[in-house]
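# Observations on chain architecture
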Amino acid sequence: MIKKLLGALALSLTCTLAFAEGGAHLDRAPDRITDLSALQNGAKLFVNYCLNCHSASSMRYNKLMDLGLTEDDIKKNLLFSRDKVGDLMTISMTHEDAKKWFGAAPPDLSVIARAKNSNFGPSGVDYIYTYLRSFYRDTTKKTGWDNTVFPSVAMPNVLWEMEGPRSYTRVQVHEVADDKGAEHWERTTTVYDDAGFATVKNEKLADYTGEASETGRFDSADAKSFSRFESNVADLSNFLGWMAEPGQLARKQIGVWVMLFLFLFMFVAIRMNHAYWKHVR
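First things first, this report covers the structure right here in the doc. (Residues numbered from 1 in each chain as written. Predicted model: local features only at pLDDT ≥ 70, side-chain atom pairs only at ≥ 80, totals over all residues. Heavy atoms only, no water.)

## Considering the packing of helix H2 (residues 36–50) against helix H8 (residues 223–244)
Two elements in contact, H2 and H8, have axes separated by 7 Å at closest approach and are oriented at 90 degrees. Overall, the two elements H2 and H8 adopt an arrangement that is roughly perpendicular. Note on element contacts: H8 touches H2 through Asn 232, Asp 235, Leu 236, Asn 238, Phe 239, Leu 240, Trp 242 and Met 243, opposite Ala 38, Leu 39, Asn 41, Gly 42, Ala 43, Leu 45, Phe 46 and Cys 50. For the contact of H2 with H8, the residue count by class is 11 nonpolar, 4 polar and 1 charged. (Axes fitted to C-alpha atoms, helices over the stretch in contact; angles between N-to-C directions. Helix = DSSP H or I, 4+ residues; strand = E, 2+ residues; numbered from the N terminus. Parallel < 35°, antiparallel > 145°, perpendicular 65-115°, else oblique. Contact = heavy atoms within 4.5 Å. Nonpolar A, V, L, I, M, F, W, Y, C, P; charged D, E, K, R; others polar.)

Following this line, the structure appears as structure tokens:
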């Protein structure tokens, strides 16, 4: 039994590490899970930008009162339809229509942050934070957008106005064959401008001894607007992290007291053990 448990643990660790190494690099999201003003802003962004296509069918509007919002705040600022405060955060679009319009139904975001968690790596909040900051225009895609974290994603960049114009440069080093079949190394630099048009430059690398690689770089035209955009994305990502487990703050607080009790109980138990067996030893 113990061997089976150890084997399952080793397999879980191996799969987790393989996932972490094989995916795109994820940036660390600012930790604002205890900042109520940031979570309130994230809730506002979620309702305005995400709830049109994505549902949160495991969350009710009145649960947002845990973030310090009143019922009137929710009615005035977060309810734009006939939904009531006690209703679930659903959308009117059906799965059939979503598949017809987008090719795939947008996923429910109730627990997306937990679904994107890795055991020994970046959190789901880190994934969302990086994903929402990794869009770039590409005129060859159906939506006019692509993403470095999720290539060929069907979702367009809904925050593009907030983000401001920026370009993306991708540099690939790879082996290619010429007309005679001889292979050589080549560096391909592709620049996508803020309108999504690509400029490609190929450069032959003589005496290259390295390995194949791919790097990317974003360049923003307005650093101040992009800084505000990143802050809003951090708020939205942390809100999705909170929504995935609204009771996590209370759980962590209770956990601290439980650990303190266990350490105190362990100390008392050790002292009692010494006192009970001192005459025997």
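Resuming the write-up.
## Regarding the layout of surface pockets
Taken as a whole, the largest pocket encloses approximately 670 Å³ of empty space. Along the walls of the largest pocket sit 26 residues, with His 54, Pro 107, Leu 109, Tyr 131 and Met 155 positioned nearest its centre. Going through the elements one at a time, H2, helix H6 (124–132) and H8 are the ones with two or more residues in the lining of the largest pocket. Partitioned by chemical class, the residues of the lining of the largest pocket number 23 nonpolar, 2 polar and 1 charged. (1 Å grid on protein atoms, 1.4 Å probe; cavity = no way out; pocket = protein on both sides within 12 Å on 5 of 7 lines; lining within 4 Å. Points joined across faces, edges and corners; volume = space filled by probe spheres on them.)

## Looking at the pairing of strand S7 (residues 198–205)
By the bridge criterion, 8 bridges tie strand S6 (residues 183–192) to S7 in an arrangement that is antiparallel. Within the sheet, the bridge partner assigned to Tyr 192 lies in S7 and is Ala 198. (Pairing = 2+ DSSP bridges.)

## Focus: the packing of aromatic side chains
If you walk through the whole model with that rule in mind, you get 12 aromatic pairs. Where Tyr 168 meets Tyr 192, the ring centres are 6.4 Å apart and the plane angle is 25 degrees; that geometry is what we call stacked. Within this pair, whereas Tyr 168 is found in strand S5 (residues 166–177), its partner Tyr 192 is found in strand S6, the two being separated by 24 residues in sequence. Seen in terms of ring centroids, Phe 226 and Phe 229 are 5.5 Å apart; in terms of plane orientation they differ by 40 degrees. Their pairing is tilted. Here Phe 226 and its partner Phe 229 are both found in helix H8, 3 residues apart, which amounts to about one turn of the helix. For the pair Phe 226 and Phe 229, one class covers both residues: buried. (Phe/Tyr/Trp six-rings, centres within 6.5 Å; stacked < 30°, edge-to-face > 60°. Buried < 20%, exposed > 50% of the residue type's maximum accessible area, 1.4 Å probe, protein only.)

## Looking at the pattern of salt bridges
Summed over the entire model, instances satisfying the criterion amount to 10 salt bridges. The partner of Asp 66 in a salt bridge is Lys 63, and the shortest N-O contact between them spans 2.9 Å. A relative accessible area of 33% means that Lys 63 is categorised as partly exposed. One connected set of salt bridges, linked through shared partners, spans Asp 27, Arg 133 and Glu 230. (Salt bridge = Lys/Arg side-chain N within 4 Å of Asp/Glu carboxyl O.)

## So, the nonpolar core
Phe 46, Leu 64, Met 89, Phe 239, Trp 242 and Met 243 are the most contacted members of the largest nonpolar core, which totals 46 residues. Listed by contribution, the elements that provide at least two residues to this core are H2, strand S1 (56–60), helix H5 (112–115), H6 and H8. Here this core takes 10 residues from H8, the largest share from any one element. (Core = buried A, V, L, I, M, F, W, Y, C linked by side-chain atoms within 4.5 Å.)

## A word on unusual backbone geometry
Glycine aside, residues mostly have negative phi, and peptide bonds are mostly found in the trans state. Even without being glycine, Ser 152 reaches a positive phi, approximately 60 degrees. Within the secondary structure, Ser 152 sits in the loop between strand S4 (145–147) and helix H7 (160–163).

## Notes on the side chain of Glu 163
Position of Glu 163 among the secondary structure elements: in helix H7. Ignoring any residue separated from it by four or fewer positions in sequence, one finds Glu 163 in contact with Phe 135, Asn 157, Ser 225, Phe 226 and Phe 229.

## What about H6?
Burial runs high along H6: 9 of the 9 residues are buried. Here H6 has its buried residues at Gly 124, Val 125, Asp 126, Tyr 127, Ile 128, Tyr 129, Thr 130, Tyr 131 and Leu 132. Lining the buried residues of H6 we find H5, strand S3 (135–137), S4 and H8.

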